[in-house]
Amino acid sequence: MKNLLIPFLISLFLFSCTDESEMDLMLERNQIHDISDTNFKNSDKVNICHKGKIINVNSNSVLVHQTHGDAVDMDGDGYYDQENECGPVDFDDSNPYITENIALNKRAFASRSWMDHVPATAIDGDHDFGWNAGARPTQWIAIDLLSDYNIEQINLTVDQFPVTGSTIHNIYFSTDGFSWTLVDVLDGVTNANDVLISSPSAQPARYIRVETTVSPSWVAWLEIEVYGSSVE
Ligand SMILES: [Ca+2]
Ligand SMILES: [Ca+2]
Ligand SMILES: [Ca+2]
């Protein structure tokens, strides 16, 4: 009898939006959870932002909620896959260690700057305007995240003229701003507006320095975004 009941309940939810409120009640009373837990293997729970409230549902009903426009937190880090009333938006909802851009509007320093292309413009969230050294390599920009993080990923939006050319960028981490460790080298042909992705081996860092040693252009970045989790 249970085997007949499950498809009936799922089809009711899928094809009848007018029964949504009834379904909400059932979800809240955990009736669906109990049935699913005993009949589906490898099921787990996912937080959903449903009508401004966080509810914890079985992963089997996530698709139905998404169809109704609900935001979901698939990786369980408290950040959701789209704008919602329950929590912030997740940069990568498949990785719990990547949430929001932790470099945004922190502090930045550079070897030199040209006119109003100051270091802060590389971490201001604006991908159309950024830092420019006003000089060829070697030049660097450094970001102070203000506390230690385990850094998972750095996204660097290229600004260069000529718009295509071979470049080399060394990425260093530091916890004190004095002692630096080389954690990644980005070496290749880059184009203006490319987003270079660095995934250095995770280790705590408060400071990140991006040093460009080869480029046909004045050294510049439109935006540098950093993702990682706070060191407990
Ligand atoms: Ca998430
Ligand atoms: Ca995430
Ligand atoms: Ca910018």
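Owing to the predicted nature of the structure, the values given are computational and were not obtained by experimental measurement.

### Quick word on the overall build of the chain
Inference 1: The number of helices and strands found in the chain is 4 helices and 11 strands.
Inference 2: In the chain, which comprises 232 residues, the share counted as buried stands at 29%.

### Topic: the sheet that holds strand β2 (residues 53-58)
Inference 1: The strand order β2-β1-β3 describes an open sheet built from 3 strands, whose pairing is antiparallel. Looking at the sheet topology across the chains shown, the edges are occupied by β2 and β3 (71-73). Neighbouring strand axes in the sheet, compared pairwise and without regard to direction, differ in orientation by 30° on average.
Inference 2: Two elements, strand β1 (residues 45-50) and β3, share 3 bridges in a ladder whose sense is antiparallel. Following the sheet pairing, Asn-47 is matched in β3 by Asp-73.

### Examining unusual backbone geometry
Inference 1: The omega torsion of the bond from Pro-137 to Thr-138 falls at 0°, within 30 degrees of zero and hence cis.
Inference 2: Of note, Thr-138 is situated in the loop between β5 (131-132) and β6 (139-158).
Inference 3: The phi dihedral of Asn-105 falls on the positive side, at around 55°, and the residue is not glycine.
Inference 4: One can find Asn-105 in the loop between β3 and β4 (107-110).
Inference 5: On the basis of neighbour counts, which here come to 10 C-beta atoms within 10 Å, the residue Asn-105 falls in the exposed class.
Inference 6: Of note, Leu-146 is a non-glycine position whose phi angle comes to about 75°, a positive value.
Inference 7: For Leu-146, the location among the structural elements is in strand β6.
Inference 8: Judged by the 11 C-beta atoms lying within 10 Å of it, Leu-146 is exposed.

### Thoughts on the environment of Trp-131
Inference 1: As for its position among the elements, Trp-131 is in strand β5.
Inference 2: Residues Trp-131 and Trp-221, spaced 90 residues apart in sequence, show a C-alpha to C-alpha distance of 5.5 Å.

### Here's the deal with the nonpolar core
Inference 1: Residues Ile-143, Ile-208, Trp-221, Ile-224 and Val-226 are the most contacted members of the largest nonpolar core, which totals 29 residues.
Inference 2: Looking at this core, the elements that each hand over two or more residues are β4, β6, β7 (164-174), β10 (204-214) and β11 (220-230).
Inference 3: Broken down by element, this core gets its largest block of residues, 7 residues, from β6.
Inference 4: Sequence-distant contacts of Val-226, defined by excluding residues within four places in its chain, comprise Asn-101, Ile-102, Ala-103, Ile-143, Leu-145, Ile-151, Ile-154 and Ile-208.
Inference 5: With 6 residues, the next largest nonpolar core counts Ile-48, Cys-49, Val-57 and Val-72 among its residues.

### Here we look at the pairing of β10
Inference 1: Where β6 meets β10, 8 bridges bridge the pair, whose relative direction is antiparallel. Note on β10: the bridge partner recorded for Asn-150 is Pro-204.
Inference 2: Here β7 pairs with β10 via 7 bridges, running antiparallel. Each bridged residue has a counterpart across the sheet, and for Phe-173 the counterpart in β10 is Ile-208.

### Looking at the confidence of the model for the chain
Inference 1: In the predicted model, the chain carries a mean pLDDT of 86, and the fraction of residues at 70 or more is 81%.
Inference 2: Note on residues 8-19: pLDDT under 50 across the span, and 5 contacts to partners over four residues away in sequence or across chains.
Inference 3: Low confidence marks residues 25-42, where pLDDT is under 50. Its contacts with residues over four positions away, or in another chain, come to 20 contacts.

### Section: the environment of Thr-213
Inference 1: With respect to the secondary-structure elements, Thr-213 resides in strand β10.
Inference 2: Thr-213 gets classed as partly exposed once you count the C-beta atoms within 10 Å, which come to 15.
Inference 3: Taking the C-alpha atoms as reference points, Thr-213 and Thr-167, separated by 46 residues in sequence, lie 7.6 Å from one another.
Inference 4: The contact partners of Thr-213, leaving out residues within four places of it in the chain, are Pro-137, Thr-138, Ile-168 and Asn-170.

Calculation rules
Throughout this document, residue positions are counted from 1 along each chain, in the order its sequence is written. For this description, chains carry letters from A and ligands carry numbers from 1, given in the order in which they are written. Reporting of local features is limited, given that this is a predicted model, to residues whose pLDDT is at least 70; pairs of side-chain atoms are given and counted only at 80 or more, and all residues count toward the totals for whole chains, interfaces and linings. Elements are defined by DSSP. Helices are runs of H or I of four residues or more, strands are runs of E of two residues or more, and each kind is numbered from the N terminus. The exposure label follows from counting other C-beta atoms within 10 Å of a residue's C-beta, where the C-beta atoms are placed from the backbone and the thresholds are 20 or more for buried and 12 or fewer for exposed, leaving partly exposed in between. Note: two strands are recorded as paired if DSSP finds a minimum of 2 bridges between them. Orientation is described by axes fitted as lines to C-alpha atoms, over the contacting stretch for helices, and by angles from 0 to 180 degrees between their N-to-C directions. Residues enter a nonpolar core if they are buried, belong to Ala, Val, Leu, Ile, Met, Phe, Trp, Tyr or Cys, and are joined to the set through C-beta atoms within 7 Å. Our contact criterion uses C-beta atoms placed from the backbone: two residues qualify when those atoms are within 7 Å. The predictor's confidence in any single residue is recorded as pLDDT, a number from 0 to 100.

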